[in-house]
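A look at the structure
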Amino acid sequence: MDYVGPIASGIPMSLLLTVLGFAIGAVGGIPLALMRRSRLRSVRFISRSIIELLRGIPPIVWIFLVYFGIGNGLIKVEPVPAAIVAFGLISCAYLAEIYRGGLSAVHRGQWEAGVALGLSHGDQLARIIGPQVMRYSIPAAATYAIGLLKDTSIAFTIGAQEILFFADSQAKQSSDALTPYLVAAAAYIILTVPCAWFARSVDRRLRVRIAS
Amino acid sequence: MAQPVTDPAAAKSTGMDVSLEHIVKAYGEHVVLDDVSLSVREGEVCAIIGPSGAGKSTLLRCINLLERPDSGTIRVGDTTIDAGQEVGGKQLHGLRRQVGMVFQSFNLFPHLTVLRNIALPQERVLGRSRAEAEDRAMELLQRVGLGDKPAQYPSRCSGGQQQRVAIARALALDPKVMLFDEPTSALDPELGLEVLAVMRELADEGMTMIVVTHEMQFARDVSDHLIVMGHGTVLEEGQPEKIFTDPATDRTRRFLRAVLER
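Residues numbered from 1 in each chain as written. Chains lettered and ligands numbered in written order. Predicted model: local features only at pLDDT ≥ 70, side-chain atom pairs only at ≥ 80, totals over all residues. Heavy atoms only, no water.

Residues and elements named next belong to chain B. Spatial ordering of the open sheet is given by β6-β7-β8-β3-β9-β10, a layout of six strands whose pairing is mixed. Lying at the two open borders of the sheet, with one neighbouring strand each, are β6 (99-102) and β10 (233-238). Neighbour-to-neighbour, the strand axes of the sheet open up by a mean angle of 15°, direction not taken into account. In the sheet, strand β7 (residues 177-181) pairs with strand β8 (residues 208-212) via five bridges, with the strands oriented parallel. Its bridge partner being in β8, Val177 is matched across the sheet by Thr208. Packed on one face of the sheet, helix α3 (residues 89-98) meets β6 and β7 and runs near 65° to β6. Along the sheet, helix α7 (residues 189-204) makes contact with β3 (45-49), β7 and β8, crossing β8 at roughly 145°. (Pairing = 2+ DSSP bridges. Helix = DSSP H or I, 4+ residues; strand = E, 2+ residues; numbered from the N terminus. Axes fitted to C-alpha atoms, helices over the stretch in contact; angles between N-to-C directions. Contact = heavy atoms within 4.5 Å.)

As structure tokens, then:
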């Protein structure tokens, strides 16, 4: 029996969940990372609490919270948006921590040069520090993205039609319980390996410039 | 011990470009600057020498408030700041607009080309157009002898080249005063020479400069005013030639002997 076609049709959904979840985190992680370095103790505390809360709860619990919890009680939420929101929230926390590492990797002299030149704080972040942080963050962010792609498989539990969803339905339709899941496994490998390879090559190219 | 702010009008008439009065700075118990005053006239080159840990760099960094003194008055051009009081953003901006700084570690922006390093601050701080800023950047690159490097990234340049780019970057904002914090200390002696040549040229053109340095030859030949610091205070100051040939204090004599007779 041919499982590859049906299971491959779940790839776009897996990618959609990964890309949108990651994008939310890539943006939402910025304020959290900056708050983490605030001069005010209370702001640092708030940001840290948010990060611990987001990371401390398992992804599947987040998905259920958003889909069944909020989705049932308050507003109607479809499985796909619910999964995106859940993965986005978790990504905010992880990317904030990755950015924080990138921020501390930027040499103090970069801030001082910006200050001495009279650049505003916003300009310094957006033009000088930010781009360098992004470059330092690439390896860790790529590792996270790969992890996230694999985690999106749990969205199948609320009915998002991604790779595992189709593999599972194939397995249930036939007597073969092994092959469909092996095909799903292969699909994840095929997606993650080039992603890792691409991230490494981008990192290598950009790193030449910031290693001064 | 906050000093009363001097009347800006009165200060202007003295022809002083930079003056520091009664600067005090301590990290906890450790007093780094103990009531230091200094003034530099327009067009003057002031060299600050002395053993490490004397507070030279800290003093320099107080001028553009990279380091915040505990008390004292800082005046640059028409901006006067009382360090003991709250400093407004506008005041701070006014001060830094007039002061260019060159660091020991260059601090070029590694993700920008040489040209963009010099042009970006002009665009953001002075509001120049990109074309205008890049024209000025090219002009300055030629002046520091790097007219062939605009598209290069800093990591591809030698230390001496990077430092010259850093000088061009600071000059591009048309500062009244240039601060140099040990600009050649991170360089091989030969690469340091190219940086010193650019600094000499700047001095000849009448730029007001304050230079913290270990380059005794430069301090002796190029500076108009020499300050010897030790233990957070000014040991002595005056004409470089006089101090080099006939130092007034024992501490200065010991320091000069150590750096000159090796």
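Once you've had a look at it, read on.
Residues and elements named next belong to chain B. Chain-level statistics for chain B give a pLDDT mean of 91 and a share of 94% at 70 or above. Segment residues 1-13 is flagged for pLDDT under 50; beyond a separation of four residues in sequence, or across chains, it makes 13 contacts in the model. On the interface metric, ipTM, the complex scores 0.88, and its pTM is 0.87. (pLDDT = per-residue confidence, 0-100.)

Turning to the packing of helix α2 (residues 11-36) of chain A against helix α3 (residues 41-56) of chain A, a few remarks are in order. Residues and elements named next belong to chain A. Viewed as axis vectors pointing N to C, α2 and α3 meet at an angle of 135°, and their least axial separation amounts to 7 Å. Considering the angle they form, α2 stands oblique to α3. Here α2 and α3 pass one another in a crossing that is left-handed. Residues Leu32, Met35 and Arg36 of α2 form the contact with α3, whose participating residues are Val43, Arg44, Ile46, Ser47, Arg48, Ile50, Ile51 and Leu54. (Parallel < 35°, antiparallel > 145°, perpendicular 65-115°, else oblique. Left-handed = near helix turned anticlockwise from the far one by under 90°.)

Residue and element names in this part refer to chain A. Per the UniProt annotation, the sites labelled "transmembrane region" (unreviewed entry) are residues 12-35, 56-75, 81-99, 136-158 and 178-199. Secondary structure over residues 81-99 splits into 100% helix and 0% strand, and the C-alpha atoms at its two ends are 26 Å apart. End C-alpha atoms of residues 136-158 are separated by 36 Å, and the span's content is 70% helix alongside 0% strand. (UniProt positions renumbered as here; feature names shortened; annotations may be inferred.)

Counting 75 residues, the largest nonpolar core has Ile48(B), Leu59(B), Ile63(B), Val76(B), Leu179(B), Ile210(B) and Met229(B) as the members making the most contacts within it. If you tally residues by element for this core, the top one is helix α5 (residues 79-105) of chain A, at 13 residues. Apart from residues no more than four positions distant in its own chain, Ile63(B) is found in contact with Val18(B), Leu20(B), Ile74(B), Val76(B), Leu95(B), Leu179(B) and Ile210(B). Within the second largest apolar cluster, 34 residues are counted, among which are Val114(B), Ile118(B), Leu171(B) and Met199(B). (Core = buried A, V, L, I, M, F, W, Y, C linked by side-chain atoms within 4.5 Å. Buried < 20%, exposed > 50% of the residue type's maximum accessible area, 1.4 Å probe, protein only.)

The next thing to look at is α3(A). All names here are of chain A. Between the first and last C-alpha of α3 there are 22 Å, a value that for 16 residues agrees with the 22 Å anticipated at 1.5 Å per step. Every buried residue belonging to α3 is among Ser47, Ile51 and Leu54, and all of these are buried. Angular distribution of buried residues about the axis of α3 spans 70°; they occupy a single face of the element. More than 90 degrees from the buried face of α3, the exposed residues found are Arg41, Phe45, Leu53 and Gly56. (Expected span 1.5 Å × (residues − 1). Arc of directions from axis to C-beta.)

To continue, consider the pairing of strand β9 (residues 225-230) of chain B. Residue and element names in this part refer to chain B. For β9, a buried count of six out of six residues is recorded, marking the element as mostly surrounded by other parts of the structure. Alternating residues of β9 divide into His225, Ile227 and Met229 and Leu226, Val228 and Gly230, and every residue in both groups is buried. With four bridges connecting them, β3 and β9 associate as parallel partners. From the neighbouring strand, Ile49 faces β9, where its bridge partner is Val228. Adjacent in sequence and paired antiparallel, β9 and β10 are bridged by two residues, among which His231 carries a positive phi angle near 50°.

All names here are of chain B. As a packed pair, helix α4 (residues 114-126) and helix α5 (residues 130-143) sit with axes 8 Å apart at the nearest point and diverge in direction by 130°. Judged by the angle between their axes, α4 and α5 are oblique. Here the hand of the crossing between α4 and α5 comes out right-handed. Here Val114, Leu115, Arg116, Ile118, Ala119, Gln122 and Glu123 of α4 lie close against α5, whose contacting residues are Arg130, Ala133, Glu134, Arg136, Ala137, Met138 and Leu141. Along the lines of polarity and charge, the residues of the contact of α4 with α5 split into eight nonpolar, one polar and five charged. (Nonpolar A, V, L, I, M, F, W, Y, C, P; charged D, E, K, R; others polar.)

Looking now at the interface of chain A and chain B. In this complex, chain A contributes 23 residues to the contact, which on the side of chain B involves 23 residues. When chain A packs against chain B, close to 2,100 Å² is buried across both sides, 61% of that on carbon and sulfur atoms. Remark: the boundary between chain A and chain B carries two salt bridges. Note that Arg124(B) and Asp123(A) form a salt bridge whose closest N and O atoms lie 3.0 Å from each other. Taken together, the links from chain A to chain B amount to five residue pairs in polar contact (both at pLDDT 80 or more). Elements with a minimum of two residues in the side of chain A that touches chain B: α6 (108-117), α7 (121-151) and α9 (179-210) of chain A. Among the elements that take part in the side of chain A that touches chain B, α6(A) stands out by supplying nine residues, more than any other. Considered class by class, the residues forming the side of chain A that touches chain B number ten nonpolar, seven polar and six charged. (Buried area = accessible area lost by both parts, 1.4 Å probe. Salt bridge = Lys/Arg side-chain N within 4 Å of Asp/Glu carboxyl O. Polar contact = N/O pair within 3.5 Å; in protein donor to acceptor, adjacent residues only side chain to side chain.)

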